[in-house]
Amino acid sequence: MGSSEVRTTHVGSLPRPLNLASQDLDKAIEDIVRAQVEIGLDEVNDGEYRRQSFISDLTELPGFGVTELYWENSAGDRRFIPVISRTIGYDPNKPILAREVDGIKRALEKIGVRRRIKVTILAPSFMARVYPDPDWIPARPRELIEKYRQQVRQYYPTIDDYLDDVKRIIINEVRAALDAGADVIQFDAPDILQFDVYGEYNPDKNRARDRVRRAVELNNELLSKLPAEYLEIHSCWGNFNNSQFNTLGHYDDALPELYDLKVGVLGPFEVFDGIRDFEELKYFKQYAVPKDKKLALGIVSVKSRNVEPVEVIRRRYEAALGGGQRRPK
C-alpha cells in the first residue's frame, strides 16, 4: 500500500463540549466539522454529537432498555447494557442517519469546503449481543439472561426473528443516508474483537475462529444487499473508562475471516492500542488483503487520555504502510 493511496478517517465519536445542550448542537457540530477539516481529514462526521453513545443510534429506539446485565472490562468497570424487551419502535419515514448527514452538509456549506461525509451504524453482529440469547449475549451475570429472554419471547420468539427486524431497519437507514448525500457508511462491529476472539469473554481459543466466522456471516447477510464501495466496517478491542474489554486476543483469531466482510474498506481496525502496538502488524502481513478491498488501520490509540507524540504516530504510520500486503482477487 503506497502513500498515494492513503485516505484519512476516524472511528466516529469525538470529544464533545461539556454540558452540550440541544440548542447549541448545530454550532457544536459546525465547530467539530471545522476542526476535522483543519487537521486535514478526508472523511468527516458530526462527532456523533446527536447521540449519547456510539450505540445510541439503534439501542435507544423504543423497545430497548438498560437492564441489570452488564459488560465488565479488564479494569473491573461495569457498563450496564440495553437489552431488547419488546418490538422495536421505528418510523422508516424518520431515518436517524439522514438527519446526521444533513447536519454535516450544512456545516460544510458554512465552512465553504467539500469533504467526504461519513456516518456510522451498528452492525448486525453487535445488535445480536443485546438480544438475551445466551449463545450470543456476552452479558453478566449469566444467570439473569433467561429472565430477559422470557420477557422478549412474546415479541421476538427467536434471535432470528429479532435480527430480521434489525436488518430491515439498518437497510432503511443506510439507503436513506446515501440518498441524503453520505459518502461513507461505517458499520460498527467492536463485538468481534471484544467478545469472539480469545479473551476475557471467550476463554476457549479453539472456538474463536468459528465465532468470528459466525459474526462475519451474519453481517454479510445484510452487507451483500448494499453497495460495497460506500461501506466500511470497524472493530476494536473495546474501550471504557480508559481501559479495555479484551487484553488477551490477537488478530490471528480473526484473520483472514474479517477479509470476507462484504465492504469496500476493511476497518478502521484497532491495531496500535498501547498493549499490542506493533505486534499486530505481523498478522496483516501473514494474511494478504484482498485486491478488491482497502485496509484501514488505526494509528492513534484510544487507550490513553494523553495526546501521543507526533514521532510515535509517524512511526506507526510508516509501519502501517507496509503492514497490509495485497493478494489477487
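Scroll up to find the structure this text is about.
Okay, so let's go over this structure. (Residues numbered from 1 in each chain as written. Predicted model: local features only at pLDDT ≥ 70, side-chain atom pairs only at ≥ 80, totals over all residues. Heavy atoms only, no water.)

Overview of the environment of Asp133
Within the fold, Asp133 resides in the loop between α4 (124-127) and α5 (145-152). Taking C-alpha positions, Asp133 is 8.9 Å from Tyr148, a pair spaced 15 residues apart along the chain. Among the polar contacts made by the side chain of Asp133, one reaches the main-chain amide nitrogen of Asp135 at a distance of 2.9 Å. (Helix = DSSP H or I, 4+ residues; strand = E, 2+ residues; numbered from the N terminus. Polar contact = N/O pair within 3.5 Å; in protein donor to acceptor, adjacent residues only side chain to side chain.)

Here's the deal with the nonpolar core
Generally speaking, soluble globular proteins have nonpolar side chains that are buried together. In this structure, Val33, Ile88, Tyr162, Ile185, Phe187, Tyr251 and Leu258 are the most contacted members of the largest nonpolar core, which totals 95 residues. Ranked by residue count, the leading element in this core is helix α6 (residues 159-180), at twelve residues. Those residues in contact with Leu258, other than ones at most four positions away along the chain, are Ile192, Val212, Val216, Tyr251, Leu266 and Phe269. (Core = buried A, V, L, I, M, F, W, Y, C linked by side-chain atoms within 4.5 Å. Buried < 20%, exposed > 50% of the residue type's maximum accessible area, 1.4 Å probe, protein only. Contact = heavy atoms within 4.5 Å.)

Some details on unusual backbone geometry
Along the chain, Leu255 connects to Pro256 via a cis peptide bond; the corresponding omega equals 5 degrees. For Pro256, the position within the fold is in the loop between β6 (231-235) and β7 (265-270). A cis geometry characterises the amide bond from Gly267 onward to Pro268, with omega recorded as 10 degrees. Locating Pro268 in the fold gives a position in strand β7.

Brief notes about the pattern of salt bridges
Side chains bearing opposite charge may pair, as long as their charged atoms lie close to each other. Within this structure, the stated rule accounts for 32 salt bridges. For the salt bridge of Lys167 with Glu221, the shortest nitrogen-to-oxygen distance reads 2.7 Å. Highlighted residues: Lys167 in helix α6 and Glu221 in helix α8 (residues 205-223), separated in sequence by 54 residues. Looking at Lys167, the relative accessible area reads 14%, which means it is buried. Take Glu221: its relative accessible area is 40%, and that puts it in the partly exposed class. (Salt bridge = Lys/Arg side-chain N within 4 Å of Asp/Glu carboxyl O.)

What about the packing of helix α1 (residues 25-38) against helix α3 (residues 96-111)?
Relative orientation of the contacting elements α1 and α3 amounts to 65 degrees, with a least axis distance of 9 Å. Crossing of α1 against α3: the hand is right-handed. Here α1 contributes Asp26, Ile29, Glu30, Val33, Arg34 and Val37 to the contact with α3, which in turn contributes Gly103, Ile104, Arg106, Ala107, Leu108, Lys110 and Ile111. Its residues assigned to classes, the contact of α1 with α3 shows seven nonpolar, one polar and five charged. (Axes fitted to C-alpha atoms, helices over the stretch in contact; angles between N-to-C directions. Left-handed = near helix turned anticlockwise from the far one by under 90°. Nonpolar A, V, L, I, M, F, W, Y, C, P; charged D, E, K, R; others polar.)

Brief notes about the side chain of Glu43
Structurally, Glu43 can be placed in strand β1 (residues 43-44). At 3.0 Å, the side chain of Glu43 and the side chain of Arg7 are in polar contact. Residue contacts for Glu43: discarding those within four places in its chain leaves Arg7, Thr8, Thr9, His10, Gln36, Arg116, Lys118, Val184 and Glu232.

Looking at empty space enclosed by the protein
Applying the stated criterion to the full structure yields one cavity of 30 Å³ or more. What the largest cavity holds in volume is close to 30 Å³. Considering the residues around the largest cavity, the lining is formed by Leu58, Leu61, Phe64, Ile88, Met127, Val166 and Ile169. Residue composition of the lining of the largest cavity, grouped by class: seven nonpolar, no polar and no charged. (1 Å grid on protein atoms, 1.4 Å probe; cavity = no way out; pocket = protein on both sides within 12 Å on 5 of 7 lines; lining within 4 Å. Points joined across faces, edges and corners; volume = space filled by probe spheres on them.)

Quick notes on the side chain of Asp273
In this fold, Asp273 is placed in the loop between β7 and α9 (281-286). With relative accessibility at 1%, the residue Asp273 sits in the buried group. In terms of polar contacts, Asp273 uses its side chain to reach the side chain of Arg276, at 2.4 Å. Sequence-distant contacts of Asp273, that is, excluding residues within four places in its chain, are made with Trp237, Gln244, Ser301 and Lys303.

Thoughts on the packing of α6 against α8
Closest axis-to-axis distance for the α6/α8 pair is 10 Å, and the angle between their directions is 45 degrees. Taken together, the axes of α6 and α8 are oblique relative to one another. When the axes of α6 and α8 are compared, the crossing they make is right-handed. In this structure, α6 uses Leu163, Lys167, Ile170 and Ile171 to contact α8, whose residues at the interface are Leu218, Glu221 and Leu222. Of the residues in the contact of α6 with α8, the class split is five nonpolar, no polar and two charged. (Parallel < 35°, antiparallel > 145°, perpendicular 65-115°, else oblique.)

With respect to α1
With 14 residues, α1 should cover 20 Å at 1.5 Å per step; its first-to-last C-alpha distance of 20 Å lies within 8% of that length. Residues of α1 that are buried: Leu25, Ala28, Ile29, Glu30, Ile32, Val33, Gln36 and Val37. Buried residues along α1 sit against β1 and α3. Gly40 occupies a position one or two residues after α1 and carries a positive phi of about 95 degrees. (Expected span 1.5 Å × (residues − 1).)

Topic: helix α10 (residues 310-321)
Between its first and last C-alpha atoms α10 spans 17 Å; for twelve residues at 1.5 Å apiece the expected length is 16 Å, and the two agree. Of all the residues in α10, the buried ones are Ile313, Arg316, Ala320 and Leu321. Angular distribution of buried residues about the axis of α10 spans 135 degrees; they occupy a single face of the element. On its buried side, α10 packs onto α9 and β9 (294-298). (Arc of directions from axis to C-beta.)

It is worth stressing that arrangement in space is one thing and function is another; only the former is reported here.
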